[in-house]
Amino acid sequence: MIARIKFLTPILILPCLTTSTFAQKLKKADKVTLTNLETHIHYLADPRLEGRRTGTSGEKAASDYITVALGQAGVQPKGDNNGWLQAFEIDQGKELSRDAYFIVNDRPFLPEKEYFPMSFSATTEITGSPAIALQESGVPWFFDLRETLESNAGNRHFDLTAAIRAKAIACARKGATALILYNSSRIADNLAFNPHEKAEPIAIPVVYITREAKRKYLKDETASVDIRLKVGFSEKRRTGHNVVGFLNNGAANTVVIGAHYDHLGHGEDGNTLYHGKDSVTYNGADDNASGVAGLIELARLLADSRLKANNYLFVAFSGEEQGLYGSRYLVEHSPVELKKMNYMINLEMIGRLNDSSHVLTLGGFGSSPAWGQVCGAIKEKKELALHIDSSAAGQRDHTSFYQKEVPVLFVFTGANADYHMPGDSADKINYNGELKVIKFIYDLIETADKRGRFAFRKL
């Protein structure tokens, strides 16, 4: 049955690339798994998916692929409204509202490019005709950051944003209706609008105008200018989607197998390690197309197996790179009762097994005493050097389950220089190594299938 299943991609079909001596020695079933792993990872890490950022068309293309693959594996949908997807929202903080404006002498400034409000700015509308060099009560004031920056140059403890806030509060007390900031010094202020800062607003609006805008439109500091300013913020959200499938064996308990499928897109969220100036795509082959490929193959193998003591919930999470949004949402809106979850296995970055050390890290090991007993019973573990990490904490999807008192196991082949870098590509995956990892996990699940309910241990 395994050999008959062919995986079709909903967007493009990629050829099998496996021609190694290792593959020639494999059993027929293992060759199928190896071929599928390559196909899954090459598709999910294709640049045309633009880094699979949550809430984008790349995420949708990836979720379409995963749903087709899970369906072909024999898994049933378990998402919203009997479908595959489970939608959730990501809070991206706040953004400047569409009706906000900053107009000087009838010339609108471009938001973000020529001006932006500070996150603690009051949300209000004001007008006035101040002189740039004068600070009179009842009108907006201008403030040059030059002296502040120069007097604190070299002070690594100096907080410019806090200093601006204190200055704005003082100006408001003296009668300023708004504070308009600019920087004429040669010292970079590195100010930018922070959508995630939840600062208490002060009494007046505070906006920053760029060096170029100041030079272009407000060059004469002795002149009076007509100002119209409106500051407003709106919540910025986007929708992500978990892919959820279920293998119903009519059992009392359910095993959760998860892997996040989202990645960094083009680095829009600022969570990359690349510091170059060029626009790049983060394809995320190891992180975490490798884990999703493993999830799909385990679904196929388990659907065709005699392991019926547990049901299996397969979840491809999104929103992990922004802060575990998908897994946190799932445990709060689970299609399976949490108390009936036996254990959860999280597959993350399992595509870079070192051919010399063969180290496979198992995190969350301390969350159940059963893990030591199960791993000790697997003869095939001799092919891998197991690195045991008892901790179940951290910014990984299994943490969401551990916090709900579900035993967890985090499977990981180790960090590498391409982590959160544009070089994390499909050609660097150790496919033969990932096959070994998948076989180990399957043997682990097979051994655990005979043990019944796992006990949870709080660390």
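Since the model is a prediction, treat every value here as computed from it, not as a measurement. (Residues numbered from 1 in each chain as written. Predicted model: local features only at pLDDT ≥ 70, side-chain atom pairs only at ≥ 80, totals over all residues. Heavy atoms only, no water.)

Focus: the overall build of the protein
On a plain count of helices and strands, the protein comes out with 11 helices and 17 strands. Counting only C-alpha atoms, the protein reaches 85 × 45 × 45 Å along its principal axes. Each of the 459 residues in the protein was classed as buried or not, and the buried ones make up 54%. As presented, the protein carries roughly 21000 Å² of accessible surface, and 48% of it is formed by carbon and sulfur atoms. Considering the protein, the positive charge centre built from 54 side chains and the negative charge centre built from 54 side chains are found 5 Å apart. (Helix = DSSP H or I, 4+ residues; strand = E, 2+ residues; numbered from the N terminus. Buried < 20%, exposed > 50% of the residue type's maximum accessible area, 1.4 Å probe, protein only. Areas by Shrake-Rupley, 256 points an atom, 1.4 Å probe, with all protein chains shown as cover. Lys, Arg positive; Asp, Glu negative; His and termini not counted. Charge placed at Lys NZ, Arg CZ, Asp CG, Glu CD.)

Details of the confidence of the model for the protein
The pLDDT averaged across the protein works out to 92; a share of 94% of its residues lies at or above 70. Predicted confidence is poor over residues 1-21, with pLDDT under 50, and the contacts of this stretch with residues over four places away or in other chains come to 41 contacts. (pLDDT = per-residue confidence, 0-100. Contact = heavy atoms within 4.5 Å.)

Some thoughts on helix 7 (residues 285-303)
Compared with the 27 Å implied by 1.5 Å per residue over 19 residues, the 25 Å span of helix 7 between its first and last C-alpha is a close match. Among the 19 residues in helix 7, 18 count as buried, and that is most of the element. (Expected span 1.5 Å × (residues − 1).)

Side note on the environment of isoleucine 103
Looking at where isoleucine 103 falls in the secondary structure, it is placed in strand 3 (residues 101-104). Beyond its immediate stretch of four places on either side in the chain, isoleucine 103 contacts Pro108, Asp226, Ile227 and Arg228.

Some thoughts on the nonpolar core
In this structure, Ile257, Ile345, Leu347 and Val411 are the most contacted members of the largest nonpolar core, which totals 66 residues. Contact partners of isoleucine 257, with chain neighbours within four places excluded, come to Leu295, Leu298, Leu302, Tyr312, Leu313, Phe314, Val315, Ile345, Leu347 and Ile445. One finds Trp141, Leu179, Ala199 and Tyr208 within the second-largest nonpolar core, a separate group that totals 21 residues. (Core = buried A, V, L, I, M, F, W, Y, C linked by side-chain atoms within 4.5 Å.)

Some words on the pattern of salt bridges
All chains considered together, the criterion is met by 19 salt bridges. Between lysine 439 and aspartate 30 there is a salt bridge whose closest N-O contact spans 3.0 Å. With lysine 439 in helix 11 (residues 431-448) and aspartate 30 in helix 2 (residues 28-44), the pair connects residues that are 409 residues apart, well separated along the chain. Of the residues examined, lysine 439 reaches a relative accessible area of 38% and is grouped as partly exposed. Ionic pairing is found between arginine 396 and glutamate 348, a salt bridge with its closest N-O pair at 2.8 Å. Remark: glutamate 348 occurs in the loop between strand 14 (341-347) and strand 15 (359-363) and arginine 396 occurs in the loop between strand 16 (385-389) and helix 10 (397-402); sequence separation between them is 48 residues. On the accessibility criterion, arginine 396 (18% relative accessible area) is buried. When salt bridges with common partners are traced through the structure, they connect Arg53, Arg238, Glu268 and Asp269 into a single cluster. (Salt bridge = Lys/Arg side-chain N within 4 Å of Asp/Glu carboxyl O.)

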